[in-house]
Amino acid sequence: MSTTGILGSLLQVEENFSSCLARIDALILKPLLQAEPHDPKEKENFQLLVLLNDRFQTLWNFTEENSRILRGKKSSSDSGWIQDFYILWKGDFFLSLYIQYFVTFANFVVVQGFEHAAESRSQAWKLHKALLKEFLRDFSSDNSLALALHAALHKPFQDHIQSCLQLLGQLQGQLHQECERDVVAAVMREFGKLESFIGQVLDEANFTKELWKSLGYKFTDVLCVPERRLLEDSRNVPIASGSARSERLLLFDDVLVLIQGNSFQSFDLKLVWVDENCGEKSALGSYNLRITTPEETFVLSAKDPQTKAVWRWKLEQAVRQALNGKRDFPLWGRSGEGSEAPPQRFFTYVFRTEGRLRGATYEGEWLWGKPHGKGTLKWPDGRNHVGDFQDGLEHGFGICLVPRRSEDRYDCYKCHWYQGRMRGYGICEYGSDLVYKGYFKDNVRHGFGILENFSREHPFKYTGQWENDKKNGYGVWEDKERGERYIGMWWDDQRHGEGIVLTQSELCYQRTFHADKMVGSGILLLEDDSVYEGNFTEDLTFVGKGKLSLASGLVLQGTFGARGPRTQSQEPPDATCSRQLGLKEFPVEKRWTGIFEQFQEFLRSGCREEMEESFMGFHIQSSKELRKSQGYLFCQRGAEENSWKKEEFLEELVQHQELPSLQRYLEKALKSSLHPLGKLLRALGTAFQASYSGIGANRHLLGMAQEEVKFYSRKIWEFYRGLLRLALERKGRAPSEEADPRLKGSSLVLPLILPTFYPELSMLYMLQHQHQDDLYCQGIAELSLLTDIQLLEFLDVQKHLWPLKDLTLTSNQRRSLVKDKCFLSATECLQKLITTVDPREKLEILRKTYEELEHTVSRLLEKEFRLPMDDLLPLLMFVVSRAKIQHLGAEIHLIRDLMDPTNQGGMLDFLLTALESCYEHIQRIRLHPKESSHSS
């Protein structure tokens, strides 16, 4: 037969099929659709019939359209080409329409739709009954009307597919070009799959229908769903559940059902895991499969390995297909092909059994029956947890919202969790305007933490140690309402032990506390530099025995009260104005132990990444930023690129051990909010600021602050060495001894961390040396009235060292009147002293100032000249007086206290001593304006 003849045969097939569909529509579907039932259950079946009719009509319209196309092609003179066969270029659409129809048809079979339709008693059905029976004889010889209806609505379609396949085979035999034969062969393969698909869905539908017929209404009312298919029944392929817990096992395409008597349990296949290596033996043998679900695990036992293999394969296939959301096409492929269902899944589940999760809904990732990975857990009472899970428990970073009863507020815990409990760093925003930033252990505040109250009624802030949800250990309390700060020891949420109290009025006292009450004697430092040692009341009234040392040097001693002290004496003035508090009472190594403990634990853990993420997280957000943030359910990571992963920073440690390279590495690490050392520094900065900023800016605390900064540099160096040791051990190398004497913590780390503490520290230095700096400023003001020549003469600078040729004159100007011109380069150099916080750089500026002085003198003398001490001091005093550096005393003492000990006794130490001499000398200078000659 030629291709033109095949095209004509295809047209005949389509017209016959269309005619058949027209009779089915008129004699079967229309009468059935006129009899809409009133029973709710029957209404569901009727809706399926309506959907089946829609699919039928779509197929019929498609057939009619194809017939029209074929008639047009046949009448054309050039018909018979391969492109004239619509079943080739419309193949995909053809297949999809047939699949939709037969899926709906199978659903109607499952709910016994044809049986109910055969019982229909509508008037339309009765009128067409005789003609219908005559029509149905062509499809079934059985007297059953239901079977005849079933056959009439699927047999013509199957026959049509067979006819199309036959014609495609004939067409393939007529084609000469290989590419055309390949096209036809590909379509024939798809038609063959469609035939297989139809046979399988009809078999499954009948298999499932027979099951529902055999079960009672108690099961079918709940389990019978049109789309659900029975895949296997333990009565056909025997398998038993352990401990005789079920009489029958039913595997559907979406659930696994265990039946025991009149009750049953169903398990969603998306949350069913199958493990054949369960290692358990039963009475039936060792051919077992362990079935894991979110709330239950049980064992299925087979009598032989073949039965076990069948059930395992079908279970795995069913689970995999349920997870994919569609059935395989064809339904059952080759054994073992893609049979393994993935162990990791994403699903939503509501817990039903007793326990902490009863009634809770989990949406997220699962692994072997337990929440594992990212997920959200919500309880009926409003609690919810969003974050990381491991083996069914909260583990890793998570955010938990807990509603407050009788209040329309939540407590928000933004924290790290370990095996279901808060542990590590976290931020909690309580519904009562409290915000806690710090460490948790076993769901309570434990370790270093900051609690701040933002309410207007009683704002406060506590920074310090916690134990079992209570303030215990060293801490700082700031009462913002009263304007007071307490620095000292706590126990059981109360001030207990030694403590220092600071007030906004610059009063401060050191006292022993017991259960929040002052006991014993103490030290009270007054605004006028008077010092009282003895007992005093809460309102700071002197009582009992005591000693009052006035700034003038007068000392009153005795019993204070109504009559006043009994004795008095005289001591040198200013003996007590620099009294430092807390140095003995609070050893520096005992302060802020909670911060260092976290780092030590991080080191002991081998620098595990999850530990690093939780041990120091103060870079995440500030308390105020957290309060303003609406994104509670997101972890606010640092904006920095995450370049400090564990393996990377440990590798870098090994690469930077020489001094210049190490300095650059440490500087980079300490500036980073993601490097462990950078996180540690930020936490220490937070504690330091809580102690010494604001009300804490009290000169009597300078000793404590200075101690802390030096101690921090040693601890950070110690932790750096610990990290380096770990990095070297991982490479199989032993840590080397420090051969370079410059590799000391104070010399390397201190200048790098000083910027973090400098604002508070420099303020303390300024307050401590305010009196001397005031005298110094008065001296500077006096000297600024003098011209350069007058000042050089006043300071007894030898005249051959005067840089007079630097004094450029304008008209009407005498050299003796010019000011701020001599030694200008040295003056400008010294003024840079306040532009840096690093003591090393400050000393370097002092050295360059000295070099500028020598350079200027050498230029004047036109030869190299080394300034002797007798010449240096007057010249340096000239430069200091012209530089007019504010708070020079604070600068000098900060350099002296924090400079590298290796500089002591060297040239830099000598120059600093010379600067100190100038500073002290300027304090004593007082000029008499009416005299032409002056002396200090």
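Here, the structure is the one placed above.
Just so you know, these numbers come straight off a predicted model, no measurement behind them.

Got a minute to help me understand the nonpolar core in this structure?
Nonpolar side chains in soluble globular proteins tend to end up buried together. Core analysis: the largest hydrophobic core is formed by 74 residues, its most contacted members being Tyr98, Tyr101, Phe157 and Phe191. It is helix α1 (residues 3–33) that provides the largest number of residues to this core, a total of 13 residues. Look past the residues within four positions of tyrosine 98 in its chain and what remains in contact with it is Phe17, Leu59, Phe157, His160, Ile161 and Leu194. By size, the runner-up hydrophobic cluster in this structure holds 73 residues, among which are Leu653, Leu701, Tyr720 and Leu724.

Any chance you could explain the side chain of threonine 463 here in plain terms?
Inspection of the secondary structure assignment puts threonine 463 in strand β18 (residues 460–467). When residues no more than four places from it in sequence are discounted, the contact partners of threonine 463 are Phe448, Gly449, Ile450, Gly475, Val476, Trp592, Ala687 and Ala690.

Is there a simple way to think about unusual backbone geometry in this case?
Note on backbone geometry: most residues besides glycine have negative phi, and most peptide bonds are trans. Unlike most non-glycine residues, glutamine 112 shows phi in positive territory, near 60°. You can see glutamine 112 is positioned in the loop between α4 (91–110) and α5 (113–118). We note that alanine 515 has phi near 50°; this positive angle belongs to a residue other than glycine. A residue is classified by how much of its surface remains accessible, and alanine 515, at 31% relative accessible area, is partly exposed.

Whenever I open this one, the sheet that holds strand β2 (residues 240–241) confuses me. Can you help?
In a beta sheet, neighbouring strands pair by backbone hydrogen bonds and run either parallel or antiparallel. If you trace the four strands from one edge of the open sheet to the other, you get β2-β8-β7-β6, paired in antiparallel fashion. The open sheet is flanked by β2 and β6 (273–275), the only strands paired with a single partner. Sheet topology places strand β7 (residues 287–292) next to strand β8 (residues 297–302); six bridges connect them, and they run antiparallel. Within β8, the residue paired with asparagine 288 across the bridge is serine 301. Contacts from helix α12 (residues 305–324) reach β6, β7 and β8, with the element oriented near 20° to β7.

Teacher, can you tell me more about the pairing of strand β12 (residues 384–390) here?
On any regular strand, side chains alternate: one points to one face of the sheet, the next to the other face. With six of seven residues buried, β12 is to be regarded as a mostly interior element. Between the antiparallel neighbours strand β11 (residues 370–378) and β12 lie five residues, among them glycine 382 with a positive phi of about 105°. Here β12 pairs with strand β13 (residues 393–403) via six bridges, running antiparallel. Bridging from a neighbouring strand, histidine 385 pairs with cysteine 400 of β13. Taken together, β12 and the strand that follows it, β13, pair antiparallel across an intervening segment of two residues, in which aspartate 391 is found at a positive phi of about 50°.

Mind showing me how you'd approach the sheet that holds strand β4 (residues 255–260) here?
Read from one edge to the other, the open sheet built from four strands follows the order β1-β3-β4-β5, with strand pairing classed as antiparallel. Here the strands that pair on one side only, and so sit at the sheet edges, are β1 (230–233) and β5 (263–268). Neighbour to neighbour, the strand axes of the sheet diverge by 20° on average, direction disregarded. Two strands pair when backbone bridges link them, and β4 and β5 are joined in this way by six bridges, in the antiparallel orientation. Bridging across to β5, leucine 256 finds its partner in phenylalanine 267. Packed onto the sheet, helix α10 (residues 178–214) meets β1 and β3 (248–252) and runs at close to 60° relative to β1. Strands β1, β3 and β4 of the sheet are contacted by α12, whose axis makes an angle of about 40° with β3.

Is there a simple way to explain the pattern of salt bridges in this structure?
Opposite charge on two side chains lets them pair, provided their charged atoms get close. Under the definition given, this model contains 40 salt bridges. Here arginine 699 makes a salt bridge to aspartate 529, at a shortest N to O gap of 1.9 Å. One end of the pair, arginine 699, is in the loop between α18 (676–692) and α19 (702–730); the other, aspartate 529, is in the loop between β23 (517–525) and β24 (531–536), and 170 residues separate them in sequence. Three or more residues joined by partner-sharing salt bridges are found here, namely Glu115, Lys209, Glu210 and Lys213.

Calculation rules
Counting restarts for each chain, with residues numbered from 1 along the sequence as it is written. Selection of residues for local features in this predicted model requires a pLDDT of at least 70, selection of side-chain atom pairs for listing and counting requires 80 or more, and totals for whole chains, interfaces and linings are taken over all residues. Side-chain figures throughout are based on the complete set of non-hydrogen atoms in the structure, without hydrogens or water. Definition of nonpolar core: a set of buried residues of the types Ala, Val, Leu, Ile, Met, Phe, Trp, Tyr and Cys, connected through side-chain atoms within 4.5 Å. Using a 1.4 Å probe on the protein chains alone, a residue whose accessible area is under 20% of its type maximum counts as buried, one over 50% counts as exposed, and one in between counts as partly exposed. Put simply, DSSP marks the helices as runs of H or I at least four residues long and the strands as runs of E at least two long, and each gets a number from the N terminus on. We call two residues contacting when some pair of their heavy atoms lies within 4.5 Å. Strand pairing is assigned whenever DSSP identifies at least 2 bridges connecting the two strands. Every axis corresponds to a line fitted to the C-alpha atoms, with the helix fit spanning only the stretch in contact, and the corresponding angles, defined between N-to-C directions, vary from 0 to 180 degrees. Every case where a carboxyl oxygen of Asp or Glu lies within 4 Å of a side-chain nitrogen of Lys or Arg is listed as a salt bridge.

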